[in-house]
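Listed below, chain by chain, are the residues.
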Amino acid sequence: MDQRTELSEFLRSRRARLRPEDVGLPDHGGRRRVPGLRREELAMLAGVSTAYYTRLEQGHGESVSAAVLDAISRVLRLTPAEREHLDRITKPTRRRPARAAARPQRVRPALQQLLDAMEGVPAYVLGRRLDIIGWNRLGNALGGDFSAMPAEQRNMAWHVFLDPAAHELYTDWEGKATDVVGILRLDAGRDPDDPRLASLIGELSLKSEDFRRLWAAHDIRDKGHGTKELHHPVVGRLTLQYETLRPAGDLDQVLVTYHAEPGSTSAESLRLLASWAATAATAGSSGPGDPGGPGDPAVAAVESLVDHSPQSGPSAPGSAR
């Protein structure tokens, strides 16, 4: 990623989303040639000259001070993640060598043991460029059969944009896709010379119109916490809370966990999914029919559990990728 171009396009996109009335300026009516604040309006509010800001928006950020960036960030109402991104593309720190960025990441054995011990909590570990580098059995059952994916497809962005099943899994697919693109762009600011990241962005841009549209918006996100609505092919609708934790020792890795409100329908559905995953692991899905299909003994076990559950039954089973 060319950081000068990124700086120019990022500032323009943030300026375009603001209206004069958003920042306390009078709107005198009339049609503007371009949406958002004018450069001179932003410069005035930030306390710099129009010429100075124009040069910055043209990608020349080498000599800009932290105080000026703070003022511009305040006017543009940047989020903490956007402010971090602005810092990195304005004054890039020492870059990671390309060979280091391309080196596969590994989950520490102790962290994998922790994952495996969290039997009732779906969890997985994301690395650079949203590579899925570790998971536990319930996380595998919730998000997809990660172990069966080719290594180059074991990536959250690839899954969301190029795996058709993702549109079925995520009830708010647009929101999930927007978050994924924003996180990927933040990663691009951190590691602009990562060849695998460049290859991934190129593939997604070539194959997904939705990715091209969202990438062009220059939105920035960071991994956080919140609520996700899922429609799982085995246990149906789930409303889950997710948390993002950063294990010590590798700041490029995050542990993502999901949990349901105690006593809720989703909590019961997670319990059923855990039983399905355990039965599938034991049986190896070696019965007649496709894995997850009507002949799968793991599915039969879940259907038996559902028959004795006060909750509503699952939807038609299938692959959860």
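Please read these numbers as outputs of a predicted model, since none were measured by experiment. (Residues numbered from 1 in each chain as written. Predicted model: local features only at pLDDT ≥ 70, side-chain atom pairs only at ≥ 80, totals over all residues. Heavy atoms only, no water.)

## Focus: unusual backbone geometry
The bulk of non-glycine residues show a negative phi, and the bulk of peptide bonds are trans. Here is the rule: By definition, any uninterrupted DSSP run of H or I lasting at least four residues is a helix, any uninterrupted run of E lasting at least two residues is a strand, and each is numbered from the N terminus.
Despite not being glycine, Arg77 has its phi angle at roughly 55°, a positive value. In this fold, Arg77 is placed in the loop between helix 4 (66-76) and helix 5 (80-90).

## Points about the packing of aromatic side chains
Each pair of aromatic rings is reported with the distance of its centres and the angle of its planes. Rules: Here the aromatic set is Phe, Tyr and Trp, taking the six-membered ring for Trp, and pairing holds for ring centres within 6.5 Å; pairs whose planes are under 30 degrees apart are stacked, those over 60 apart are edge-to-face, and all others are tilted. Here's how the labels work: a residue is buried when its accessible area is under 20% of the maximum for its type, exposed when over 50%, partly exposed in between, all with a 1.4 Å probe on protein chains only.
Applying the stated rule across the entire model yields 7 aromatic pairs. When the centroid spacing of 6.1 Å and the interplanar angle of 75° are considered together, the rings of Tyr124 and Phe146 count as edge-to-face. Here Tyr124, found in strand 1 (residues 123-126), pairs with Phe146, found in the loop between helix 8 (137-143) and helix 9 (156-162); they are 22 residues apart in sequence, far enough to count as distant. Exposure remark for Tyr124: the relative accessible area of 6% places this residue in the buried category. Summarising the aromatic geometry, the rings of Phe161 and Trp173 are spaced 5.6 Å apart at their centres and angled 80° between planes, so their arrangement reads as edge-to-face. Of the two residues, Phe161 is situated in helix 9 and Trp173 in helix 11 (residues 173-190); the sequence distance between them amounts to 12 residues. A single burial state applies to Phe161 and to Trp173, both of which are buried.

## Brief notes about the nonpolar core
To keep things clear, this is the line we draw: Residues enter a nonpolar core if they are buried and are Ala, Val, Leu, Ile, Met, Phe, Trp, Tyr or Cys, with the set joined through side-chain atoms within 4.5 Å. Any two residues having at least one pair of non-hydrogen atoms within 4.5 Å are treated as being in contact.
Core analysis: the biggest nonpolar cluster contains 48 residues, and Met156, Phe161 and Leu184 have the highest contact counts within it. Excluding residues that lie within four positions of it along the chain, Phe161 makes contacts with Trp173, Ala177, Val180, Val181, Leu204, Ser208, Asp210, Phe211 and Leu214. Ala43, Val64, Val75 and Leu78 belong to the second-largest nonpolar core, a separate cluster that totals 26 residues.

## Some remarks on the side chain of His85
Relative to the helices and strands, His85 resides in helix 5. Note on His85: relative accessible area 0%, which makes it buried. Here His85 is in contact with Glu6, Phe10, Arg185, Leu186, Gly189 and Ile220, once residues within four sequence places are set aside.

## Quick look at the sheet that holds strand 3 (residues 226-232)
The following threshold applies: Should DSSP find at least two bridges between two strands, the strands are taken to pair. Geometry is summarised by axes, namely lines fitted to C-alpha atoms with helices restricted to the contacting stretch, and by angles between N-to-C directions that run from 0 to 180 degrees.
With antiparallel pairing, the 5 strands of this open sheet are ordered in space as 2-1-5-4-3. Of all the strands in the sheet, just strand 2 (132-135) and strand 3 have a single pairing partner and so form its edges. Between one strand and the next, the sheet's axes are offset by a mean angle of 30°, whatever the strand orientation. As paired strands, strand 1 and strand 2 are joined by 3 bridges and run antiparallel to one another. Looking at strand 2, one finds that Tyr124 is bridged to Trp135. Contacts between helix 7 (residues 109-117) and the sheet are confined to strand 1, strand 2 and strand 5 (254-259), with strand 2 contributing the most and set at about 55° to the helix.

## What about empty space enclosed by the protein?
Quick note on the threshold: Points on a 1 Å grid, built from protein atoms alone, make a cavity when a 1.4 Å probe fits but cannot get out and make a pocket when they are open with protein on both sides within 12 Å along at least 5 of 7 lines; residues with an atom within 4 Å of a point are the lining residues. Grid points are joined across faces, edges and corners, and a volume is the space filled by probe spheres set on the points. Basically, the charged four are Asp, Glu, Lys and Arg, the nonpolar ten are Ala, Val, Leu, Ile, Met, Phe, Trp, Tyr, Cys and Pro, and anything else, Gly included, counts as polar.
Across all of its chains, the model carries 2 cavities of 30 Å³ or more by this definition. If you add up the space inside the largest cavity, you get close to 60 Å³. If you go around the largest cavity, the residues you meet are Tyr124, Leu142, Gly143, Met156, Leu169, Tyr170, Leu230 and Tyr258. Of the residues that constitute the lining of the largest cavity, the class distribution is 7 nonpolar, 1 polar and no charged.

## A look at the environment of Ala267
In this structure, Ala267 sits in helix 14 (residues 265-283). In this structure Ala267 touches Ala260 and Glu261, once residues within four positions along its chain are discounted.

## Concerning the packing of helix 1 (residues 3-16) against helix 5
Using the following cut-off: Helix crossings fall into two classes, left-handed where the near helix is turned counterclockwise from the far one by less than a right angle and right-handed where it is turned clockwise.
Where helix 1 meets helix 5, the closest approach of the two axes is 9 Å, and the angle between their N-to-C directions is 145°. Taken as a pair, helix 1 and helix 5 cross one another with a handedness that is left-handed. Residues Gln3, Glu6, Leu7, Phe10, Leu11 and Arg14 of helix 1 touch helix 5, and the partners they reach there are Glu82, His85, Leu86, Arg88, Ile89 and Thr90. Along the lines of polarity and charge, the residues of the contact of helix 1 with helix 5 split into 5 nonpolar, 3 polar and 4 charged.

## Thoughts on the pattern of salt bridges
Selection rule: For this document, the term salt bridge refers to a Lys or Arg side-chain nitrogen within 4 Å of an Asp or Glu carboxyl oxygen.
On inspection of all chains with the given rule, the structure shows 27 salt bridges. Glu84 is the partner of Arg88 in a salt bridge, and the nearest nitrogen-oxygen pair spans 3.0 Å. Linking Arg88 with Glu84, this pair stays in helix 5, spanning 4 residues, or about one helical turn. Residue classification places Arg88 among the partly exposed residues on the basis of a relative accessible area of 30%. Taking the shortest distance from any N to any O, the salt bridge between Arg129 and Asp194 comes out at 2.7 Å. One end of the pair, Arg129, is in the loop between strand 1 and strand 2; the other, Asp194, is in the loop between helix 11 and helix 12 (195-207), and 65 residues separate them in sequence. Each of the two residues, Arg129 as well as Asp194, counts as buried. The structure contains a network of salt bridges with shared partners spanning Arg12, Arg15, Arg39 and Glu57.

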